[in-house]
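# Results of the structural survey
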Amino acid sequence: MVKTAEVLIIGAGVIGCSIAYHLAKSGCHDVVVLEKDSIGSGSTSKCPGGIRQQFSTEANIKLSMESVSFFERFEDETGHPADFHQHGYLMLATTEEEAEIFNSNVSLQRQLGLEIMLLSPEEAREIVPCLDVKDVICATFCPTDGYADPYSVVQGFSSAAKRLGVKIYEDTEVINIKAKEGQILGVSTSKAEYMSPVVVIASGAYAAQVGKMVGLALPISPLRRHMFVSAPSDKVERNTPMVVDFHTGFWFRREGQGIIFGMRNPDETEGFNTSIDWGFLPVIGEVGSHYLPFLKDIGIARGQAGLHADTPDAKAIIGKVSEIDGLYLACGFSGHGFMHSPAVGKIMAELILEAKAGTDISCFALDRFKKPVSQKERYFI
Ligand SMILES: Cc1cc2nc3c(=O)[nH]c(=O)nc-3n(C[C@H](O)[C@H](O)[C@H](O)COP(=O)(O)OP(=O)(O)OC[C@H]3O[C@@H](n4cnc5c(N)ncnc54)[C@H](O)[C@@H]3O)c2cc1C
């Protein structure tokens, strides 16, 4: 039997679930979310939950500021705690060029109303006493940044959406998207056929594969990212901010009884491999020990790898597809999807239900890739 829905969402990660929640909250209850695995099992489950407002583009700063205000009231909104800790983000510059970038971005961030401090290395050390600042030229600190628990957040969005009537089907893979004469008709899945005038691609690192089902080329690369959790250690204090080396992308913070840390691998190649490359751990140890001298010798409790969904300008693809009526995109989050999920959910609901988002999202349009990339997000970690 063919089923119907007002809106079909492909992917029950934090983005798909936030969109479903915001649609239902705005009165659109006939929403179906189709998930090939289980709720939140994709990149959302592999993310350390960092939430920062320090970006180089106005649009990303605004998405973050709106999302932080939602995370602050997450439990009131969804009935589920987000485990949001506003211990801040401390960003470290180690070259003169990076110091200049920090200076100009702090002006933009302040213009937009963000509370942000530009610090000397010594001032940075006052905030994080275990930090070795010999390589640091300057730092920025935003006290309202922080981190939340991705599992709690995706459960909060999905359970609140379900209470409002949304249906989420797990173990249901979308295998085809149907369109005719430039209009979306529905999707075929491993379990059933669905008809709907609206389909949203919120499929994380798999979005380019899903786009191909309807002849759409999405410039989204799946790239493996690692993080490791140390054995119990009290060397990093409990209320320590998320600390990020802008140059290498090395980051760390306290997690439970230990330290959680990670870094981008410049040699990583595109693909869906999420096995752990233990050979990369000593490379992170080498870089990280510049900031935490004890890191090389610390015991490791566990590691994990997940997928980033990166675009050429490190900005998400959010909006309506101009060539196919009824097809919407919320993908290519380039490492920022968790933190931006509240604002993106709201924007997508406005776009679908009112045909216009309340915020200017033109810089996230797919059509921008028809020309060479112009404004890149520089705060890509
Ligand atoms: C190591 C690491 C660190 C990160 N750190 C941060 C951070 O600190 N802060 C931050 O904001 N972000 C971070 N990210 C990025 C963040 O995890 C993602 O941006 C976010 O989870 C994206 O959510 P999503 O819902 O778009 O994707 P996902 O969570 O991947 O959800 C997409 C879902 O679509 C499903 N799907 C795909 N294809 C189909 C299909 N054909 N049919 C049905 N279902 C399908 C998948 O199974 C998946 O569950 C990090 C990522 C990694 C890997």
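The structure this text deals with has already been given above.
Residues numbered from 1 in each chain as written. Predicted model: local features only at pLDDT ≥ 70, side-chain atom pairs only at ≥ 80, totals over all residues. Heavy atoms only, no water.

Bringing the pattern of salt bridges into the picture now. Within this structure, the stated rule accounts for 15 salt bridges. For Arg 368, the salt bridge goes to Asp 313, with nearest N and O atoms at 2.7 Å. Of the two residues, Arg 368 is situated in the segment after helix H9 (337-354) and Asp 313 in the loop between strand E18 (300-310) and strand E19 (317-320); the sequence distance between them amounts to 55 residues. This pair shows no difference in class: Arg 368 is buried, exactly as Asp 313 is. Two residues, Glu 323 and Lys 370, come together in a salt bridge whose shortest N-O distance is 3.6 Å. A residue pair is termed long-range when its members are at least 10 positions apart, and Glu 323 in the loop between E19 and strand E20 (327-331) and Lys 370 in the segment after H9 qualify at 47 residues. Overall, the relative accessible area of 46% leaves Glu 323 in the partly exposed class. Judged by relative accessible area, which is 61%, Lys 370 ranks as exposed. (Salt bridge = Lys/Arg side-chain N within 4 Å of Asp/Glu carboxyl O. Helix = DSSP H or I, 4+ residues; strand = E, 2+ residues; numbered from the N terminus. Buried < 20%, exposed > 50% of the residue type's maximum accessible area, 1.4 Å probe, protein only.)

Here the focus is the packing of helix H1 (residues 14-25) against helix H6 (residues 150-163). Relative to each other, H1 and H6 sit at 35 degrees, their axes nearing to 8 Å. Crossing angle aside, the handedness with which H1 passes H6 is left-handed. Between H1, through Val 14, Cys 17, Ser 18, Ala 20, Tyr 21 and His 22, and H6, the contact on the second element is made entirely by Val 153, Val 154, Phe 157, Ser 158, Ala 160 and Ala 161. When the residues that make up the contact of H1 with H6 are grouped by side-chain class, the tally is 9 nonpolar, 3 polar and no charged. (Axes fitted to C-alpha atoms, helices over the stretch in contact; angles between N-to-C directions. Left-handed = near helix turned anticlockwise from the far one by under 90°. Contact = heavy atoms within 4.5 Å. Nonpolar A, V, L, I, M, F, W, Y, C, P; charged D, E, K, R; others polar.)

A separate point is the site of the ligand. Near the ligand there are 33 residues, and of these Glu 35, Ser 43, Thr 44, Gly 50 and Met 339 occur at the shortest range. In the complex, the protein chains occlude 94% of the 1,000 Å² of accessible area that the ligand would expose alone. Listing elements by their share of the shell around the ligand, those giving two or more residues are H1, E18 and H9. (Near = heavy atom within 4 Å. Areas by Shrake-Rupley, 256 points an atom, 1.4 Å probe, with all protein chains shown as cover.)

Examined against the element boundaries, Glu 268 turns out to sit in the loop between strand E17 (258-263) and helix H8 (281-288). Taking the relative accessible area as the measure of exposure, Glu 268 reaches 18% and is therefore buried. At 3.3 Å, the side chain of Glu 268 forms a polar contact with the side chain of Arg 224. Residue contacts for Glu 268: discarding those within four places in its chain leaves Leu 223, Arg 224 and His 226. (Polar contact = N/O pair within 3.5 Å; in protein donor to acceptor, adjacent residues only side chain to side chain.)

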